[in-house]
Amino acid sequence: MRITALAGGVGGARFLRGLLHHARQTAAAAEGRGAADHLELTVIGNTGDDITLFGLRVCPDIDTLLYTLGGGIHEGQGWGRADETHHLAEELAALGAEPQWFTLGDKDFATHVYRSQLLGQGMPLSAVVERLSARWGLGELGVRLLPMTDTPVETHVVVDDGGDQRAIHFQEWWVRHRAALPAERFVVAGLDRATPAPGVLDAIREADLVVLPPSNPVVSIGIILGVPGVRDALRGTRAPVVGVSPLVGGRPVRGHADVCLRTIGVEESSAGVAGLYSDFLDGWLVDEDDAMPDRRGLEVVRRPLLMSSVEAAADMAGATVDLGMRLRAARATA
Ligand SMILES: O=c1nc2n(C[C@H](O)[C@H](O)[C@H](O)CO)c3cc(O)ccc3cc-2c(=O)[nH]1
């Protein structure tokens, strides 16, 4: 089965790790019946979070997907590497190098050095991501990771800092200010002239199922949807599109999706998020206590949405695939 997912950082990566776990479990069971249907997963990663630091290109959502699916993630943080040291960062601080509000570990620095070396030689980001994916064995897992575009794109936040408005990089707002600085709006530099990376539109059009994991609907999935051509491909694909609400009890499980929704004037609820995807969404998983009203043309499933373990994420991913398959069958007989 070919599944294509649009994903951001921590929530998306954990969900997709659960999806791979679920696929292994069902394949093992199917082996017994000699009916193994292996999963081919294409992940379209958000690059709006990307930032240049110390002359190096850092791609946080791409790296969180690589490290989480490849088994190197710092589990507690949900970003960066496990078993890290910080000798480079300590010496940079001693040198007075700025910024010091973004923690980069030594092994993580190697990713940024290598990526910057290849980009500097003119290699497109999608080819760089392919190289990094090989290091993490994503091919063997049946996973292809694509950046949403090879065009440099950066999300910036117009903040109201004591009366005067100024734009700061998304990461400065998110990490240094913990999204507590009042945000007026998001400005995504480069997005209007971005073209989908090679394979992105085909991955949406040719999928058996398209999945929107519980990533931030504004600054992760919303940015991918802003790449010219992506939204049309989602509207046009014959695959059902099934999403998972990033809000449990009206609040994000982690991160600042509620603040981001407020910034763009969207209700901080599963219904509000579903409204952002309404022109292409077929199925929507919400938390068991969610007050999501029924909506014509949208199949809503209620179930626990806390990814408290890989098994819980696998169950959630399984429910997502089940809903997708039901929608496909319903279409086939329609
Ligand atoms: O809250 C933080 N998030 C950090 N993140 C997370 C990052 O801000 C978020 O993962 C995404 O950009 C939002 O989804 C990092 C991610 C990386 O790939 C590399 C370094 C960092 C460093 C930090 C950090 O110091 N603090």
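Note that this is a predicted model, so its numbers are computed, not measured.

Criteria and thresholds
Residue indices follow the written sequence of each chain, beginning from 1 at its first position. In view of the model being predicted, local features appear only for residues whose pLDDT reaches at least 70, and side-chain atom pairs are presented and counted only at 80 or more, with totals across whole chains, interfaces and linings using the full set of residues. Note: side-chain values were computed over all heavy atoms of the structure, leaving out hydrogens and water. Nine residue types can take part in a nonpolar core, namely buried Ala, Val, Leu, Ile, Met, Phe, Trp, Tyr and Cys, and a core is a set of them joined through side-chain atoms within 4.5 Å. Think of it in three bands: residues with accessible area under 20% of the maximum for their type are buried, residues over 50% are exposed, and the middle band is partly exposed, with areas taken using a 1.4 Å probe on protein chains only. In this description a helix means any DSSP run of H or I spanning at least four residues, a strand means any run of E spanning at least two, and both kinds are numbered starting from the N terminus. Contacts are assigned to residue pairs that have any heavy atoms within 4.5 Å of one another. Here pLDDT means the predictor's own confidence in every residue, given as a number from 0 to 100. If a single non-hydrogen atom of a residue is within 4 Å of a molecule or strand, that residue counts as near it. Polar contact is the term for a pair of N or O atoms within 3.5 Å; when the atoms are in protein, one must be able to donate a hydrogen and the other to accept it, and sequence-neighboring residues count only if both atoms are side-chain atoms. Only the protein chains shown count as cover for residues, and the accessible areas themselves come from Shrake-Rupley with a 1.4 Å probe. In this analysis the probe radius is 1.4 Å and the grid spacing 1 Å, with only protein atoms considered; a cavity is a set of points the probe fits into but cannot get out of, a pocket is an open set with protein on both sides within 12 Å along at least five of seven lines, and lining residues have an atom within 4 Å of a point. For a molecule to be placed in a cavity or pocket, more than half of its atoms must lie within 2 Å of the grid points of that cavity or pocket. Aromatic rings from Phe, Tyr and Trp, with only the six-membered ring used for Trp, were paired whenever their centres fell within 6.5 Å, and each pair was classed as stacked if the ring planes differed by under 30 degrees, edge-to-face if by over 60, and tilted otherwise. Cation placement over rings: the criterion is NZ of Lys or CZ of Arg within 6 Å of the ring centroid and within 35° of the ring normal. Helix axes use the C-alpha atoms of the stretch in contact, all axes being lines fitted to C-alpha atoms, and the angles between their N-to-C directions lie in the range 0 to 180 degrees. What sets the label is the angle itself: under 35 degrees gives roughly parallel, over 145 gives roughly antiparallel, 65 to 115 gives roughly perpendicular, and the rest give oblique. Left-handed is the label given to a crossing in which the near helix is rotated counterclockwise from the far helix by less than a right angle, and right-handed is the label when the rotation is clockwise. Nonpolar residues are Ala, Val, Leu, Ile, Met, Phe, Trp, Tyr, Cys and Pro. Charged residues are Asp, Glu, Lys and Arg, and all others, Gly as well, are polar.

### Details of the nonpolar core
In this structure, Leu6, Trp173, Val230, Leu234, Tyr277 and Trp284 are the most contacted members of the largest nonpolar core, which totals 51 residues. Per element, the largest residue contribution to this core is four residues, and it comes from helix 8 (residues 221-225). Apart from residues no more than four positions distant in its own chain, Val230 is found in contact with Leu6, Val200, Leu201, Ile204, Ile224 and Leu225. Counting 41 residues, the second-largest nonpolar core is a separate cluster that includes Ala5, Leu125, Val129 and Val321.

### Details of helix 2 (residues 60-70)
Counting buried positions over the eleven residues of helix 2 gives ten, a clear majority of the element. Following helix 2 by one or two positions, Gly71 has its phi on the positive side, about 90°.

### Examining the confidence of the model for the protein chain
Predicted coordinates in areas of low pLDDT are best not read in detail. In the predicted model, the protein chain carries a mean pLDDT of 96, and the fraction of residues at 70 or more is 99%. If you check the scores for this complex, the pTM reads 0.97 and the ipTM reads 0.98.

### Comments concerning the site of the ligand
Neighbouring residues of the ligand: 13 residues in total, closest Asp49, Pro60, Phe102, Thr103 and Gln171. Taking Trp79, its side chain carries an N or O atom lying 3.5 Å from a nitrogen atom of the ligand. Separating an oxygen atom of the ligand from a side-chain N or O atom of Gln171 is a distance of 2.6 Å. Relative to its free-state accessible area of 530 Å², the ligand is covered by the protein chains to the extent of 91%. Given that more than half its atoms are within 2 Å of the pocket grid, the ligand belongs to the largest pocket.

### Details of the packing of aromatic side chains
In total, this model carries eight aromatic pairs according to the counting rule given. A centroid spacing of 6.3 Å and a plane angle of 50° characterise the contact between Phe170 and Trp173, whose relative ring orientation is tilted. Taken together, the positions of Phe170 and Trp173, both in helix 6 (residues 170-176) and three residues apart, correspond to about one turn of that helix. The same class applies to Phe170 and to Trp173, which are both buried. Members of the aromatic cluster, connected to one another through ring pairs, are Phe170, Trp173, Trp174 and Phe186. When the ring centre of Tyr67 is taken as origin, the NZ or CZ atom of Arg81, which lies over that ring, is 5.5 Å away. Over the ring of Trp136 we find Arg135, and its NZ or CZ is 3.9 Å from the ring centre.

### Let's talk about the packing of helix 1 (residues 10-33) against helix 2
Running from N to C, helix 1 and helix 2 point in directions that differ by 30°, and their axes come no closer than 9 Å. Judged by the inter-axis angle, helix 1 sits roughly parallel to helix 2. As helix 1 runs across helix 2, the sense of the crossing is right-handed. Contacts between helix 1 and helix 2 involve Val10, Gly12, Ala13, Arg14, Leu16, Arg17 and Leu20 from the first element and Thr64, Leu65, Thr68 and Leu69 from the second. Its residues placed into classes, the contact of helix 1 with helix 2 shows six nonpolar, three polar and two charged.

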